[in-house]
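Chain by chain, the residues:
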Amino acid sequence: MTDNDMQNGKSNLEAETDTTENLKFTPAKGEKPTIDADGDIIDAELLGEDGEDADFAGFPGMDEGMMAQVQEMMGKLERVEELEKENADLKFKLGRLAADFDGYRTRTGQDLDAAEGRGISKAAEQLMPVYDDLDRAVTMGSEDPAKLIPGVQAVQSKVLSIFSKLGLEVTGQEGEDFDPQWHEALQAVPGDEDDKIVQVFQAGFRMGDRLVRPARVVVSRKG
């Protein structure tokens, strides 16, 4: 080896030593340093010659601020994933609720149809004896017309009895006070007092406080 080579090697070694000395370790900001058995600082920040933080390992050119932004972004991405999972779970629950409601609506419709069918059947069953009485009245009236009227009156009485069992009350009879809630006045005629029913064209029916059909009547008015 020549003297020049030895001189060059020494110069390179001195340069590396100078560079190493220019890099120094300092404790992390706001923390006490951790020192090992040899007295070396373990948890320290690597500083360059100008005292600024050296690049994060594996991320050239990235400083502490940039790393904080990256970490913040990663946190937001994790939150987005959580929201997407929650959204998917809510969609699943909403779909199941819609299916349950659709099933409930179908069952309710079927129950209403069944109840309506039972009601019609019950009403028809109640009216069958009336039909039988009318049939007998017509047969007797064809043989003796004088018996027709009493037979029809008997049928009428039976119909009113059936209506009473169903909760229906007759409204609108001669002598009653006129009440627009239950009666419909077709005509007014002179009379001794106002608003008295003097003639009934068609009987009305009510069920408790609910009007089923208004009575169509003629009322009186003082001259």
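These figures come from a predicted structure and were not determined experimentally.

Points about helix α2 (residues 64–143)
Over its 80 residues, α2 runs 118 Å from end to end, which matches the ideal 118 Å to within 8%, given 1.5 Å per residue. Taken as a whole, α2 carries its principal kink of about 30° at Leu 127; the proline Pro 129 stands between one and four residues after it. Within the span of α2, buried status applies to Met 67, Val 130, Asp 133, Ala 137 and Gly 141. Buried residues belonging to α2 abut α3 (148–165).

Considering α3
Its 18 residues place the ends of α3 26 Å apart at the C-alpha level, agreeing with the 26 Å of an ideal helix rising 1.5 Å per residue. Residues Gly 151, Val 155, Val 159 and Ile 162 constitute the buried set of α3. Buried residues along α3 cover an arc of 80° about the axis, so they all sit on one side. In α3, those exposed residues whose orientation departs by more than 90 degrees from the buried face are Ile 149 and Gln 156. Those residues of α3 that are buried are in contact with α2.

Quick look at the sheet that holds strand β3 (residues 169–171)
Taking strand neighbours across the sheet as the criterion, the 3 strands line up as β3-β6-β7 in an open arrangement whose pairing is antiparallel. Here the strands that pair on one side only, and so sit at the sheet edges, are β3 and β7 (210–213). Direction aside, the axes of adjacent strands within the sheet are offset by 40° on average.

Here's the deal with the environment of His 183
Relative to the elements of secondary structure, His 183 occurs in strand β4 (residues 183–191). Every residue in contact with His 183, bar those within four places of it in the chain, is listed here: Thr 171, Gly 172, Glu 176, Asp 177, Phe 178, Ile 197, Ala 215 and Val 217. Reaching out from His 183, the side chain makes a polar contact with the side chain of Thr 171 at a distance of 3.2 Å. Of note is the side chain of His 183, whose polar atom sits 3.4 Å from the side chain of Glu 176.

Quick look at the sheet that holds β4
Pairing within the open sheet is mixed, and its 3 strands lie in the order β4-β8-β5. Every interior strand has two partners, whereas the edge strands, β4 and β5 (197–202), have only one. Pairs of neighbouring strands in the sheet enclose a mean axial angle of 25°, with direction left out of account. Both β4 and strand β8 (residues 215–222) contribute to a ladder of 8 bridges, which runs parallel. Residue pairing in the sheet places Pro 190 in a bridge with Arg 221 of β8.

About the thresholds
Residues numbered from 1 in each chain as written. Predicted model: local features only at pLDDT ≥ 70, side-chain atom pairs only at ≥ 80, totals over all residues. Heavy atoms only, no water. Helix = DSSP H or I, 4+ residues; strand = E, 2+ residues; numbered from the N terminus. Expected span 1.5 Å × (residues − 1). Bend = angle between axes of the 7 residues up to and from the residue. Buried < 20%, exposed > 50% of the residue type's maximum accessible area, 1.4 Å probe, protein only. Contact = heavy atoms within 4.5 Å. Arc of directions from axis to C-beta. Pairing = 2+ DSSP bridges. Axes fitted to C-alpha atoms, helices over the stretch in contact; angles between N-to-C directions. Polar contact = N/O pair within 3.5 Å; in protein donor to acceptor, adjacent residues only side chain to side chain.

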